[in-house]
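Fold and geometry: a report
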Amino acid sequence: MSRSAHPAGPRHADVLPEGHYSAPPADLNRLDPKVWSRTVGRDERGRLTVGGLSVAELAEEFGTPAYFLDEDDFRTRCRAWADAFGSDADVFYAGKAFLSRAVVRWLKEEGLNLDVCSGGELSTALSAGMPAERIAFHGNNKSEDEIRRAVEAGVGRIVLDSFQEIVRVAHIAQSLGKRQRVQIRVTVGVEAHTHEFIATAHEDQKFGIALAGGQAAEAVRRALRLDGLELIGIHSHIGSQIFDMAGFEVSARRVVQLLAEVRDEHGIELPEIDLGGGLGIAYTSEDDPREPHHIAKALNEIVTRECEAAGLRTPRISVEPGRAIVGPTAFTLYEVGTVKPLEGLRTYVSVDGGMSDNIRTALYDAEYSVALVSRTSDAEPMLSRVVGKHCESGDIVVRDAFLPADIAPGDLIAVPATGAYCRSMASNYNHALRPPVVAVRDGEARVIVRRETEEDLLRLDVG
Ligand SMILES: *Cc1c(COP(=O)(O)O)cnc(C)c1O
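Residues numbered from 1 in each chain as written. Predicted model: local features only at pLDDT ≥ 70, side-chain atom pairs only at ≥ 80, totals over all residues. Heavy atoms only, no water.

The name given to the protein in an unreviewed UniProt entry is Diaminopimelate decarboxylase, with the source organism recorded as Streptomyces roseicoloratus. Taken verbatim from the UniProt record of the protein, the Subunit (unreviewed entry) comment is "Homodimer." (UniProt positions renumbered as here; feature names shortened; annotations may be inferred.)

Overview of the overall build of the protein
If you tally the helices and strands in the protein, you get twelve helices and 24 strands. For 463 residues, the compact-globule estimate of 2.2 N^0.38 gives 23 Å, and the C-alpha radius of gyration of the protein, at 24 Å, lies within 12% of that figure. Dimensions of the protein along its principal axes, counting C-alpha atoms only, are 70 × 50 × 40 Å. Of all intrachain contacts in the protein linking residues separated by at least 6 positions in sequence, the fraction that spans at least 24 positions is 71%. Positive and negative side-chain charges of the protein, numbering 52 and 70 respectively, have mean locations separated by a distance of 4 Å. (Helix = DSSP H or I, 4+ residues; strand = E, 2+ residues; numbered from the N terminus. Rg over C-alpha atoms; globule rule 2.2 N^0.38 Å. Contact = heavy atoms within 4.5 Å. Lys, Arg positive; Asp, Glu negative; His and termini not counted. Charge placed at Lys NZ, Arg CZ, Asp CG, Glu CD.)

So, the sheet that holds strand β1 (residues 41-42)
Taken in spatial order, the three strands of this open sheet run β1-β2-β3, and their pairing is antiparallel. Two strands in the sheet have a free side with no partner beyond their single neighbour: β1 and β3 (53-54). Two strands pair when backbone bridges link them, and β1 and strand β2 (residues 48-50) are joined in this way by two bridges, in the antiparallel orientation. By the bridge assignment for β2, Gly41 is matched with Thr49. (Pairing = 2+ DSSP bridges.)

Concerning the site of the ligand
Around the ligand, the structure places 14 residues, and the nearest of them are Lys96, Gly278, Glu320, Arg323 and Tyr421. Between a nitrogen atom of the ligand and a side-chain N or O atom of Glu320, the distance comes to 2.8 Å. One of the backbone N or O atoms of Gly322 is found 3.0 Å from an oxygen atom in the ligand. In isolation the ligand offers 390 Å² of accessible surface; the protein chains occlude 92% of this area. Of the residues assigned to the shell around the ligand, the class counts are three nonpolar, seven polar and four charged. (Near = heavy atom within 4 Å. Polar contact = N/O pair within 3.5 Å; in protein donor to acceptor, adjacent residues only side chain to side chain. Areas by Shrake-Rupley, 256 points an atom, 1.4 Å probe, with all protein chains shown as cover. Nonpolar A, V, L, I, M, F, W, Y, C, P; charged D, E, K, R; others polar.)

Section: helix α5 (residues 144-153)
Side chains three or four residues apart in an α-helix point the same way, a direct result of the helix having 3.6 residues per turn. Along α5, the positions that sit buried rather than exposed are Glu146, Ile147, Ala150 and Val151. Buried residues of α5 fall within an arc of 130° about the axis and therefore sit on the same side. Those residues of α5 that are buried are in contact with α4 (119-127), β7 (135-137), β8 (157-160), α6 (163-175) and β9 (180-187). (Buried < 20%, exposed > 50% of the residue type's maximum accessible area, 1.4 Å probe, protein only. Arc of directions from axis to C-beta.)

Focus on the pairing of β8
Every second residue of β8 is oriented toward a common face, with Arg157 and Val159 on one face and Ile158 and Leu160 on the other, all of them buried. By the bridge criterion, two bridges tie β7 to β8 in an arrangement that is parallel. Opposite Ala136, over in β8, you have Arg157 as the bridge partner. Handedness of the crossover joining β7 and β8 through α5: right-handed. As paired elements, β8 and β9 share three bridges and run parallel to each other. In the strand pairing of β9, Val159 is matched with Gln183. Each parallel crossover has a hand, and the one from β8 via α6 to β9 is right-handed. (Right-handed = clockwise from strand over helix to strand, strands pointing away.)

Remarks on the side chain of Gln183
With respect to the element layout, Gln183 can be found in strand β9. A polar contact of 3.5 Å, which involves the side chain of Gln183, links it to the side chain of Arg157. Side chain to side chain, Gln183 and Glu272 meet in a polar contact 3.2 Å long.

Quick word on the packing of aromatic side chains
The geometry of an aromatic ring pair comes down to the distance between the two centres and the angle between the two planes. Under the definition given, this model contains seven aromatic pairs. Measuring from ring centre to ring centre gives 6.2 Å for Phe62 and Phe68, while their planes differ by 65°; the resulting arrangement is edge-to-face. Neither Phe62 nor Phe68 differs from the other in exposure class; each is buried. Three or more aromatic residues link up through ring pairs in this structure, and these residues are Trp36, Phe62, Phe68 and Phe331. (Phe/Tyr/Trp six-rings, centres within 6.5 Å; stacked < 30°, edge-to-face > 60°.)

With respect to the environment of Val103
Within the fold, Val103 resides in helix α3 (residues 101-109). The exposure class of Val103 is buried, given its relative accessible area of 0%. In the structure, Val103 is positioned 25 residues away from Ala128 in sequence and 8.9 Å away in space, judged by C-alpha atoms. In this view, Val103 contacts Phe74, Tyr93 and Phe98; residues no more than four positions away in its chain are not counted.

Right, here's the structure in full:
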């Protein structure tokens, strides 16, 4: 199934290029609620609105490119996850997807916990008042300084990622006179991605400690011996943008099996398991993500069943959605610049951003949707590629898109579902100024991360 490289295709798409994944949508002006956040619509002049404000007003006030985050949608998703998992489980938002102090406050208000994986994320979380006990600290190479800060702050858990780290964290905690709550991250031999998962016997990757070969069991043995550590559970994270629960099924079964081994060897039942994040969202109308209550029900059933079979008490479950909470809440607004039709191929539509504000297309071959949002159009669909302004031919935002054939410089277009891993992975390539994140709610727009300025760039360049 090729979803990316389509060598040819007529400009006006009356014949689809070979292997193209979808026909042009019946109505180019329609905004599919699957890929747009909940308060998005069009006003009587055909302009996209979010939180009651039109993109024309937003572009005027905040400029382009910019990310607009639908706060109501964000909070609704937080509540959906918290409600679905209930009081017997914990939801940790994966901060790496997108983190700012406003986001931390929303999470705190909506009762979610927070995963961080660097000193920078930790200080953002603490500075916005997230209680330390609701923070989990991750990472395959945490520095001693980061570990010390996390232990001193009193984070609720540190997720141990290697044999060396078991000793490192124990030593630091002990030197601070503390006993740190920890989980051990294991690799279960499951790699899940989108619609498939692959079960492998051994793991060729940098994260975690393998269940295979008794390594995870040995890690548990060592952690239990160290005074600086309180081992509370086992952690597993199997991939990203996952739609199928089968990978979680295998992973939960293997983790529960380890819990049973730990009980048999040490006479203790570890009280928690964390099944990680990775739940998929709709980037295009073709994606069909599961609702949080469906995911919660499936995970609870799997864990309960496996524990019953092993004669274990059901541990407290935690999950760590990042993308599934913030991804669908934001879109990136761009202004169209150069429009370059390549006869017999497609039309390249250049925007005022690109791989500096969305690296996912170049990095992962990610798919996105796009729409003309400053007006509606009755022009026919035109096979397009939305590209940025960077000095790289791989600088693609949306590889295959249908835009109205009358698209012109000065139009505004928007790419939905850019809340996760876009601003957080943004770069200054070509000395681009990273765009702002503007939160919109109930007719009000507020900058939560401001646009970078040339002054910001020059401040770092000390000559
Ligand atoms: C990245 C990551 C997550 C979040 O993944 P999403 O795909 O954004 O849900 C959760 N847990 C861990 C350990 C991760 O590394």
